[in-house]
Amino acid sequence: MTVQKLKDYLTQHNIPFELKEFPMVVGNVMNGPHPPNEVVKTIIFIDSKNDLYAVLVRGDDRISMARFGLNLKIDGVRMAKLEEVVARTGYPVGGVPPTGFAAKFVADIKLKDMPFCWAGGGSDKALIKVNPADLIKHNKAVVVRVTG
């Protein structure tokens, strides 16, 4: 259901994509079907005001919490709990897409140089191939360095 929801969203908003579904869980970035530098992770955070942030970073990068908070001038940022991710995005952990739900989107600066990426496809058994520039534009993402 969530894969179809994402497909419908991308189609409705004219965001070109390619969907790849797998018979089993895709796995984590490091042992998945694509090189980590071609993958974009969507990491969900919540701040002290209960605002939701979807942070998009390359698969081979790690978010620096200090840099994230400082560059965006926000306080009390924490990673969302599993149940909060599902409740607030409508997607399961491991399948959260880089668009299609209400959040403040943040893209690490390295995404600007990527011609395409593989990202969560709405379930832990699906990935989408999409242009990060399309995601940044559609999501009105703030582009800053959030990685260490």
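In the block above lies the structure referred to throughout.
Being a predicted model, the structure only gives us computed values, none of them experimental.

Criteria and cut-off values
- Residues numbered from 1 in each chain as written.
- Predicted model: local features only at pLDDT ≥ 70, side-chain atom pairs only at ≥ 80, totals over all residues.
- Heavy atoms only, no water.
- Helix = DSSP H or I, 4+ residues; strand = E, 2+ residues; numbered from the N terminus.
- Rg over C-alpha atoms; globule rule 2.2 N^0.38 Å.
- Buried < 20%, exposed > 50% of the residue type's maximum accessible area, 1.4 Å probe, protein only.
- Contact = heavy atoms within 4.5 Å.
- Areas by Shrake-Rupley, 256 points an atom, 1.4 Å probe, with all protein chains shown as cover.
- Core = buried A, V, L, I, M, F, W, Y, C linked by side-chain atoms within 4.5 Å.
- Salt bridge = Lys/Arg side-chain N within 4 Å of Asp/Glu carboxyl O.
- Arc of directions from axis to C-beta.
- Phe/Tyr/Trp six-rings, centres within 6.5 Å; stacked < 30°, edge-to-face > 60°.

Draft legend 1. Main features of the overall build of the chain. For the chain, the count of helices and strands is 4 helices and 8 strands. Listing every helix and strand of the chain by position from the N terminus yields α-β-β-β-α-β-α-β-β-β-α-β. For a compact globule of 148 residues, the expected C-alpha radius of gyration is about 15 Å, and the chain comes in at 14 Å, within 12% of that figure. Within the chain, the proportion of its 148 residues that are buried is 44%. Within the chain, contacts between residues at least 6 apart in sequence are counted, and of these 67% link residues at least 24 apart. Carbon and sulfur atoms provide 54% of the accessible area of the chain, an area that totals close to 7,800 Å².

Draft legend 2. Spatial organisation of the nonpolar core. The biggest cluster of nonpolar side chains holds 25 residues, and the ones touching the most others in it are Ile-44, Phe-101 and Leu-111. Counting residues per element, the ones that place at least two in this core are helix 1 (2-12), strand 2 (39-46), strand 3 (52-58), strand 5 (104-108), strand 6 (117-120), strand 7 (126-130) and helix 4 (132-139). Apart from residues no more than four positions distant in its own chain, Leu-111 is found in contact with Val-40, Leu-56, Val-57, Arg-58, Pro-132 and Ile-136. With 11 residues, the next largest nonpolar core counts Val-55, Leu-72, Val-106 and Val-146 among its residues.

Draft legend 3. Spotlight on the pattern of salt bridges. Inspection of the entire model under this criterion finds 4 salt bridges. Notably, a salt bridge pairs Asp-51 with Lys-104, separated by 3.1 Å at the nearest N-O pair. Pair noted here: Asp-51 is in the loop between strand 2 and strand 3 and Lys-104 is in strand 5, with a separation of 53 residues, a long-range link. The partly exposed category is assigned to Asp-51, whose relative accessible area is 24%. Between Arg-78 and Glu-84 there is a salt bridge whose closest N-O contact spans 2.8 Å. Using a relative accessible area of 32% as the deciding quantity, one classes Arg-78 as partly exposed.

Draft legend 4. Broad picture of helix 3 (residues 82-89). Looking only at helix 3, the buried set comprises Glu-84, Val-85 and Thr-89. For helix 3, the angular spread of buried residues about the axis comes to 105°, placing them on one side. In helix 3, the exposed positions angled more than 90 degrees off the buried face are occupied by Leu-82, Glu-83 and Ala-87. Of the residues trailing helix 3, Gly-90 is marked for its positive phi of about 85°.

Draft legend 5. The packing of aromatic side chains, seen in detail. Applying the stated criterion across every chain yields a total of 4 aromatic pairs. Taking the centre distance of 6.0 Å and the plane angle of 90° together, the rings of Tyr-53 and Phe-68 count as edge-to-face. Of the two residues, Tyr-53 is situated in strand 3 and Phe-68 in helix 2 (residues 65-72); the sequence distance between them amounts to 15 residues. Relative accessible area serves as the criterion here: at 6%, Tyr-53 is assigned to the buried category.

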